[in-house]
Amino acid sequence: MRRHLIALLLIAAGATAYAAGEDEVKGLEIVTEMDRRESGYLNYRASVTMTLSNREQQVAVREMEYFSHEIDGDGDKTMAVFEQPRDLRRLSVLTYSYKNKPDDQWMFLPAQRRVKRIATTNQSGPFLGSEFAYEDLGSQEIEKFDYRYLRDEPLDGQPCHVVERIPRYAHSGYSRQEVWIDTEAYRIQRIDYYDRGGSLLKTLRHQGYQLYLDRYWQPEYSDMVNLRTGKSTRIQRKDIQFGIELTEQDFTPAALRRQR
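An account of the accompanying structure is given in this report. (Residues numbered from 1 in each chain as written. Predicted model: local features only at pLDDT ≥ 70, side-chain atom pairs only at ≥ 80, totals over all residues. Heavy atoms only, no water.)

1. Brief notes about the overall build of the protein chain
In plain terms, the rule: Numbering of helices and strands runs from the N terminus, with a helix taken as a DSSP run of H or I at least four residues long and a strand as a DSSP run of E at least two residues long. Only C-alpha atoms enter the radius of gyration; for comparison, a globular chain is expected to reach 2.2 Å times N to the power 0.38, where N is the number of residues. Note on classification: 1.4 Å probe, protein chains only; a residue is buried when its accessible area is under 20% of the maximum for its type, exposed when over 50%, partly exposed between these limits. The contact criterion used is simple: two residues touch if any of their non-hydrogen atoms lie within 4.5 Å. The method behind every accessible area is Shrake-Rupley, applied with a 1.4 Å probe, and residues are considered shielded solely by the protein chains displayed. Charge convention: Lys and Arg are scored as positive, Asp and Glu as negative, and His as well as the terminal groups of each chain are ignored. To locate a charge, the coordinates of NZ of Lys, CZ of Arg, CG of Asp or CD of Glu are taken.
Looking only at helices and strands, one finds 3 helices and 13 strands in the protein chain. Taking 18 Å as the expected radius of gyration for a compact globule of 260 residues, we find that the protein chain reaches 18 Å, a close match to that expectation. Buried residues in the protein chain amount to 50% of all 260 residues. For the protein chain, the proportion of contacts with a sequence separation of at least 24, taken over those separated by at least 6, is 45%. Surface exposure of the protein chain reaches about 13200 Å², of which carbon and sulfur atoms provide 48%. Charged side chains of the protein chain number 38 positive and 40 negative; the gap between the two group centres comes to 6 Å.

Put into structure tokens, the structure is as follows:
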């Protein structure tokens, strides 16, 4: 019964015009279970250190506060507020994620005291020189992708499901992604990103998972490596808090100007 219901959801979502195959159904089952385990956190904050490195091992370090607000029935709202270096202080990026339409994004430029909207066509570009794209900042809602189970494969000795997801939204910089999800706790361990031409572009690895509130897993480190340029970006999270007091009014373009 569960497989039949998920197949109907897959078809209703427009993922395919014909009866869903076993691999599509199983892929959707896996990511649905992953999403179920991640839901219900309401609000979240973390102090984030972003370290950019190039092939010559030259390093640039940026520090920010990251906030997320869970929206019932739709994508989440997130905000990154830079603290360091000094020339980026108070620069902020706000993302409204949606299930069935392109995300909305805004950037606050403190030197100009101006909030700038980031065009949908530009969201595949690099986030402030890092190996993360603007489209990577939003919540990766189930409805944004088509899915296909590829195989089971261990990663560093840990059993994982490998699921292909193909962006359904226009202007994505990716043709597809391969996602390693561990079979123990349904945590994303690795994502391989393929460019619009179908070639492998970059790889993301999450490491150092810690459990919060006996329910929510968060990685301490996330490493995005560009396989063509040799550049990489490491995100380190600390001081993670769930359930803090935030409302939708804290996640508006006007609220970007009020950050201190």
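2. A closer look at the layout of surface pockets
Condition: Whether a set of points on the 1 Å grid over the protein atoms alone is a cavity depends on a 1.4 Å probe fitting there but being unable to get out, while an open set qualifies as a pocket with protein on both sides within 12 Å along at least five of seven lines; lining residues are those with an atom within 4 Å of a point. Grid points are joined across faces, edges and corners, and a volume is the space filled by probe spheres set on the points. Here the nonpolar group is Ala, Val, Leu, Ile, Met, Phe, Trp, Tyr, Cys and Pro; Asp, Glu, Lys and Arg are the charged ones; every other residue, Gly included, is treated as polar.
Its boundaries defined by the atoms lining it, the second largest pocket holds a volume of some 260 Å³. Residue lining of the second largest pocket: 19 residues in total, with K101, P102, K144, R168 and Y169 positioned closest to the centre. Here the residues of the lining of the second largest pocket are counted per class, giving 5 nonpolar, 7 polar and 7 charged.

3. Overview of the packing of aromatic side chains
Where we set the bar: Stacked, tilted and edge-to-face are the three classes applied to pairs of Phe, Tyr and Trp rings, where Trp contributes its six-membered ring and a pair requires centres within 6.5 Å; stacked means planes under 30 degrees apart, edge-to-face means over 60, and tilted covers the rest. Only lysine NZ and arginine CZ atoms are considered, and such an atom sits over a ring when it is within 6 Å of the ring centre and within 35 degrees of the ring normal.
The tally for this structure, following the rule as stated, stands at 11 aromatic pairs. For the ring pair Y96 and W106, a centre distance of 4.9 Å and an interplane angle of 70° mean the geometry is edge-to-face. Here Y96, found in strand β4 (residues 92-96), pairs with W106, found in strand β5 (residues 104-109); they are 10 residues apart in sequence, far enough to count as distant. The burial state of Y96 is the same as that of W106; both residues are buried. A network of ring pairs unites the aromatic residues Y41, Y44, Y66, Y212, Y216 and F242 as a single cluster. Against the face of Y96 rests K77, its NZ or CZ located 4.2 Å from the ring centre. Across the ring face of Y194, the terminal group of R176 is positioned such that the distance to the ring centre comes to 4.0 Å.

4. Quick look at the side chain of S139
With respect to the secondary-structure elements, S139 resides in the loop between β6 (114-118) and β7 (145-152). Accessibility expressed as a relative area gives 14% for S139, which makes it buried.

5. Focus: the pairing of β6
What counts, and what does not: Paired strands are those between which DSSP finds at least two bridges.
One ladder, built from 5 bridges, connects β5 with β6; its direction is antiparallel. Residue pairing for β6: F108 is matched across the bridge by V115. Where β5 hands over to β6, the hairpin turn is made up of 4 residues, of which R113 adopts a positive phi near 55°.

6. Considering the nonpolar core
Counted only if it meets this: Throughout this description, the term nonpolar core refers to a set of buried Ala, Val, Leu, Ile, Met, Phe, Trp, Tyr and Cys residues connected via side-chain atoms within 4.5 Å.
The biggest cluster of nonpolar side chains holds 44 residues, and the ones touching the most others in it are L91, M107, F127 and I181. When sequence neighbours within four positions are dropped, the list of residues in contact with I181 reads I30, V31, M34, C160, H161, V163, Y186, R187 and I188. In this structure, F67, V81, Y96 and L246 belong to the second largest nonpolar core, which totals 12 residues.

7. Examining the environment of A80
If you trace the backbone, A80 turns up in strand β3 (residues 77-84). The exposure class of A80 is buried, given its relative accessible area of 7%. Considering only alpha carbons, one finds A80 and L109, 29 residues apart in sequence, at a separation of 13 Å. Those residues within four positions of A80 in sequence are excluded, and the remaining contacts are M64, E65, Y66, L91, S92 and V93.

8. Thoughts on the side chain of S53
On the secondary structure map, S53 appears in strand β1 (residues 43-53). Given a relative accessible area of 19%, S53 falls into the buried group. The residues contacting S53, other than those within four sequence positions of it, are Q58, V59, K231 and S232.

9. Describing the pairing of strand β10 (residues 188-195)
With 7 of 8 residues buried, β10 lies mostly within the body of the structure. Bridge count between strand β9 (residues 174-182) and β10: 7 bridges; the pairing is antiparallel. Counterpart to Q177 in the pairing with β10 is Y193. Connecting β10 to the next strand, strand β11 (residues 200-212), in antiparallel fashion are 4 residues, including G198 with a positive phi near 95°.

10. A closer look at a nonpolar patch on the surface
Stated precisely, the cut-off is as follows: For patches, a residue must show more than 30% relative accessible area and have no salt bridge; joins then use 9 Å for like charges and 5 Å for nonpolar side chains, namely Val, Leu, Ile, Met, Phe, Trp and Tyr. Salt bridges, as used here, are contacts in which a Lys or Arg side-chain nitrogen is within 4 Å of a carboxyl oxygen on Asp or Glu.
On the surface, L200, V225 and L227 cluster together into a nonpolar patch covering about 210 Å² of accessible area. Mapped onto the secondary structure, V225 falls in strand β12 (residues 216-226).

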